[in-house]
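Architecture and fold: a report
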Amino acid sequence: MEENLPPQQNTESEKDFLESFDVERFWYVLKRSKFWLFGFVILLTTLSYVYVRYTKPVYNSESIIKLEFESEANVLGLVEVVNTQERNEISGEIELIKSKLFLSKVADAAKMDVSYHVYGRYLTDERYLNSPFIVSYKVLNSIYYDVPFDVEFGAEDSFILSYNKDGNEVRKTFNFGEEIKTEDFNLLVERTTNYSPEDENKYFFIISSRDALINEIQTNLEVVPENFNAKTIKISYLDFNKYKARDLVNLIDSLYLDYTREVKNVAIEQKIKFLDNQILNTEEKLSEYEDYFEDFTIENRTTNLSEDLNRTIEQLAILDSQRYSIKKNISDLELIQKKASKKGAIAINPLLLEQLPKALSESITEYSKLQQQRELKLVSYNETSYIIEQLDNQLDKSKTLLIDLLQSYEATLDGQLSQVDRRRSILENNLSQMPSMGTEYGKNRRLYGLQEEFMLSLQTSKMELEITRAGTVTKNVILSPASLPKNAIKPQKALIMGAGFMVGMIMSIAFLLIRYLAHNKIAGVRELEKLATVPVLGAIPQYKKEPLNQTSLVVKKDSKSSLSEALRTIRTNMDFISSNSDSTISVTSTISGEGKTFVASNLGAIMAMTGQKVCVVDIDMRKPKVHLAFGGVSSTNGVSTILSGKSTVKDSIQKTPIDGLNFVAAGPTPPNPSELLLQSSFKEMLDDLNKKFDIVILDTPPVGLVTDGRLVMKYCDIQLYIVRADYSKRSFIKVLNDLKTTGQFSNLTTILNSIDSTPGYGYGYGYGYGYYTDDESKVHKVTSSIKNLF
């Protein structure tokens, strides 16, 4: 039994739901929402079509590559290790292809840094490989990367280039093939074979930065395993241009195979690199030996060291003789400098004077002559005489010149001595090295021969490795190269249109259910019968011939309308409720606007048409409307004046255009309507009216707003409670039920007013099409309510 409990609970829940579901209300909400329902479906379907129509198609080009891996575990028979390793290898290869390192090579090889586009009415289209112009560029300012440059063809061979600079548009006219130079970029725009002078389209091109191009490729690229067991991967690329997608996939495939081939040749490349370094070092050593031999030959001018030894000894003897002669001259020069530093004539051996340079000997002779003249003049003149002073000046100048010449000659002799010493030192050094130089020369000659042999072996090894590298072939194979996609994968027209339709349907159903659940107004007679504990006397259809801005006497205009017939039905049903021929009827509602005055006035007119004397009394002294229904005005006499004793019933009765139908207006609005109804004068007024008329209909205030209606209803034989379809809320029926429970009104009934009488809605059945003078097809009659009365 416990196991069967959940199904029983579900069955009971379903039963409760079906019992609580109001089919009539649902059908009513459905009819009222049909335009919304169709609107949602049409709107969502239309939006789907617009999306499909104005979304650029996306094409997908893909290829399949089979990978091969070598593993020692395979030789050992370790299957699980091999499978795990192969999966890791495949994942690694996928990440390699998707890496920016590899895609940077793709971006460099693709040469798609400049993209060309054409403006359409709503979208743009990339002109891949069929642009009417090409652009060469040099960007000097990086802000002009990834921004559009518009191009419009002008007259003859010109075009208009426009771009944005500092928020302002720059437009300039140039000729094709003309170099465009600015402070931000240099451009060269040239025509292609796709150019046509009649082309009126507007184009633009974008110079993509390297990072932007790599990111674009990385975003649109997808690499996934196709089959782990077969070791295949699928490379696919999405793009708006199917030719571009195919070319990029083919490029990625080829670059990947080249890359794997390079990886396979890594060991060979390292060996070749090592051999290149060894060859370079050997060449440097051979070059050093060759330079040594060349320098040795140039420096020693021969390779015969014995002859060089004899020649060196002879040269040393000559240098010793020259050195002695130079030192002797330096000694004589020092003697002359000492004499020149003293006053008086310089006495020099004539032989020594002849060995001195001519300028120096002449300067010494001139100085000696001037000194002798001064000594002769001193015999006749004193030291301060003018002639002596002139001779002193001449002596000073001559002495200064002599000293300069002596110093210059001394420097010359020192230089000669240094040069002789240098040459002598070199020769002495060479003389001491000559025995070892012969030994070193022979040794270097032998080493040079060994390096030549080593160089030949290195070159031979490198040649063999290069031959091996040239024959390397990768085992990875392209099983399915990229093909040109025929159909776009996005947008999927059928799927989107179907989804739009289904979403519209779902939204329509959801909207319908929400309106059904949120609908808290009385929709039809069956719903009213379910909620109310009093009989439903009848239903009055809507009056659709003309709009009713205020209460009107409709039955006089259309006595054969469905509305008139509905009122006649209500009049007939009232006979079953009360057997009294003379009756007092109260008509009330929960709030204003539900049509109680309309029902009271038109029901009174229907009764008067049968020959009865009827009077409609407007008890609603706060908001009187009865006089409007009969085309009259609110006179000074009425219910308020009758109850206050200011007028009589006879004075307040007014006639209507219908024979036998009279009415009493509400009169001036009193400050205390409820207190007036509590007075005995109200009972007296009713008694007086009952004597004068067969039927007295009291239009009372709404019982949901004031208590006046409750006070009046207890004096009436029949109490009519008006409920307006699609206006009165379901909660209003609680007021009606409370009146039944607490008011002890035995003849309390309700009428559903302003019901839609379209076929398929409402309660009961009609008399068939064409019976009435209006467009209504059915009159709603209440048979179940009548049965409830008996």
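Now for a look at the structure at hand. (Residues numbered from 1 in each chain as written. Predicted model: local features only at pLDDT ≥ 70, side-chain atom pairs only at ≥ 80, totals over all residues. Heavy atoms only, no water.)

A short note on the packing of aromatic side chains
For any pair of aromatic rings, the description consists of the separation of the ring centres together with the inter-plane angle of the planes. Tallying each qualifying case throughout the model produces 26 aromatic pairs. Pairing tyrosine 144 with phenylalanine 149 gives two aromatic rings, centres 6.2 Å apart and planes at 35 degrees, and the pair type is tilted. Residues phenylalanine 149 and phenylalanine 185 carry aromatic rings whose centres are separated by 5.3 Å and whose planes lie at 80 degrees to one another, so their mutual orientation is edge-to-face. With phenylalanine 149 in strand S5 (residues 148-153) and phenylalanine 185 in strand S9 (residues 185-191), the pair connects residues that are 36 residues apart, well separated along the chain. Accessibility expressed as a relative area gives 1% for phenylalanine 149, which makes it buried. Geometry around phenylalanine 240 places lysine 56 over its ring, the cationic atom sitting 4.3 Å from the centre. The aromatic ring of tyrosine 119 is capped on one face by lysine 202, whose charged end is 5.5 Å from the ring centroid. (Phe/Tyr/Trp six-rings, centres within 6.5 Å; stacked < 30°, edge-to-face > 60°. Helix = DSSP H or I, 4+ residues; strand = E, 2+ residues; numbered from the N terminus. Buried < 20%, exposed > 50% of the residue type's maximum accessible area, 1.4 Å probe, protein only. Lys NZ or Arg CZ within 6 Å of the ring centre and 35° of its normal.)

With respect to the sheet that holds strand S8 (residues 179-181)
Strand order in this open sheet of three strands is S4-S9-S8, and the pairing throughout is antiparallel. Two strands close off the open sheet at either side, each with one partner strand: strand S4 (133-139) and S8. Taken over all neighbouring pairs, the strand axes of this sheet differ in orientation by 15 degrees on average, direction set aside. Here S8 pairs with S9 via three bridges, running antiparallel. Following the sheet pairing, lysine 181 is matched in S9 by asparagine 186. (Pairing = 2+ DSSP bridges. Axes fitted to C-alpha atoms, helices over the stretch in contact; angles between N-to-C directions.)

Notes on the sheet that holds strand S11 (residues 221-227)
Read across the open sheet, the four strands follow the order S11-S12-S1-S13; overall the sheet is antiparallel. Both outer strands of the open sheet, S11 and strand S13 (477-480), are each paired with one neighbouring strand and no more. The average undirected angle you get between the axes of adjacent strands in this sheet is 30 degrees. Judged from the eight bridges that link them, strand S1 (residues 59-66) and strand S12 (residues 232-239) form a sheet pairing that is antiparallel. Counterpart to glutamate 62 in the pairing with S12 is serine 236. Running at roughly 120 degrees to S12, helix H7 (residues 210-220) makes contact with S11 and S12 of the sheet. (Contact = heavy atoms within 4.5 Å.)

Considerations on the side chain of serine 162
Looking at the secondary structure, you find serine 162 in strand S6 (residues 158-165). Under the relative-accessibility criterion, serine 162 is labelled buried at 2%. What serine 162 contacts, discounting residues up to four positions off in sequence, is Phe149, Asp150, Glu169, Val170 and Arg171.

What about the side chain of lysine 244?
Inspection of the secondary structure assignment puts lysine 244 in helix H8 (residues 242-264). By relative accessible area, which is 6% here, lysine 244 ends up buried. Side-chain polar atoms of lysine 244 contact the side chain of glutamate 126, separated by 3.3 Å. Every residue in contact with lysine 244, bar those within four places of it in the chain, is listed here: Met112, Glu126, Tyr128, Glu216 and Asp239. (Polar contact = N/O pair within 3.5 Å; in protein donor to acceptor, adjacent residues only side chain to side chain.)

Some points on the nonpolar core
Counting 35 residues, the largest nonpolar core has Met574, Ile585, Ile697 and Leu720 as its most contacted members. Here this core takes eight residues from helix H18 (residues 596-608), the largest share from any one element. Counting residues in each nonpolar core, the second largest holds 30 residues, with Leu67, Ile235, Val249 and Leu257 among its members. (Core = buried A, V, L, I, M, F, W, Y, C linked by side-chain atoms within 4.5 Å.)

Here we look at a nonpolar patch on the surface
On the surface, Phe501, Met502, Met505, Ile506, Ile509 and Leu513 cluster together into a nonpolar patch covering about 550 Å² of accessible area. Within the element layout of this structure, methionine 505 appears in helix H14 (residues 493-518). (Patch = residues over 30% accessible without salt bridge, like charges linked within 9 Å, V, L, I, M, F, W, Y side chains within 5 Å. Areas by Shrake-Rupley, 256 points an atom, 1.4 Å probe, with all protein chains shown as cover. Salt bridge = Lys/Arg side-chain N within 4 Å of Asp/Glu carboxyl O.)

So, the environment of isoleucine 388
Within the secondary structure layout, isoleucine 388 lies in helix H13 (residues 386-470). Classification of isoleucine 388 as buried rests on a relative accessible area of 0%. For the pair isoleucine 388 and lysine 377, spaced eleven residues apart in sequence, the C-alpha to C-alpha distance is 7.1 Å. Setting aside residues up to four positions removed in sequence, isoleucine 388 forms contacts with Arg374, Lys377, Leu378, Tyr381, Asn382 and Glu383.

Details of unusual backbone geometry
In this structure, the amide linkage connecting lysine 490 to the following residue, proline 491, adopts the cis form with an omega of -10 degrees. Even without a glycine there, the phi angle at aspartate 146 is positive, about 60 degrees. Mapped onto the elements of the fold, aspartate 146 is located in the loop between S4 and S5. A residue is classified by how much of its surface remains accessible, and aspartate 146, at 39% relative accessible area, is partly exposed.

Digging into the pairing of strand S19 (residues 695-699)
As a general feature of sheets, a regular strand has side chains that alternate between the two faces. Of all five residues in S19, five are buried, a share of seventy percent or more. Pairing of strand S16 (residues 614-618) with S19, which is carried by five bridges, proceeds in the parallel orientation. When the sheet's bridge partners are listed, valine 617 is paired in S19 with leucine 698.

With respect to the pairing of S9
Direction of pairing for S4 relative to S9: antiparallel, over a ladder of seven bridges. Each residue of the ladder has a partner; that of tyrosine 137, found in S9, is leucine 187. In this antiparallel pair of consecutive strands, S8 and S9, the connection spans three residues.

Describing the packing of helix H17 (residues 562-577) against H18
The contact between H17 and H18 brings their axes to 9 Å, and the two run at 80 degrees. Regarding the angle of H17 to H18, the classification is roughly perpendicular. Seen from H17, the contacting residues are Leu563, Ser564, Leu567, Arg568, Ile570, Arg571 and Met574; seen from H18, they are Phe598, Asn602, Leu603, Ile606 and Met607. Taken together, the residues that form the contact of H17 with H18 break down as eight nonpolar, two polar and two charged. (Parallel < 35°, antiparallel > 145°, perpendicular 65-115°, else oblique. Nonpolar A, V, L, I, M, F, W, Y, C, P; charged D, E, K, R; others polar.)

A look at the pattern of salt bridges
Once the charged atoms of two side chains with opposite charge are near each other, the side chains can pair. This structure, assessed with the given rule, holds 20 salt bridges. Of the charged contacts in the structure, one is a salt bridge between arginine 171 and glutamate 152, with a shortest N-O distance of 3.1 Å. One end of the pair, arginine 171, is in strand S7 (residues 168-175); the other, glutamate 152, is in strand S5, with 19 residues separating them in the sequence. Of the residues examined, arginine 171 reaches a relative accessible area of 44% and is grouped as partly exposed. Assessed through its relative accessible area of 24%, glutamate 152 is described here as partly exposed. For aspartate 184, the salt bridge identified is with lysine 165, shortest N-O distance 3.8 Å. Of this pair, aspartate 184 sits in the loop between S8 and S9 while lysine 165 sits in strand S6, placing them 19 residues apart in sequence. Owing to a relative accessible area of 25%, lysine 165 belongs among the partly exposed residues under this scheme.

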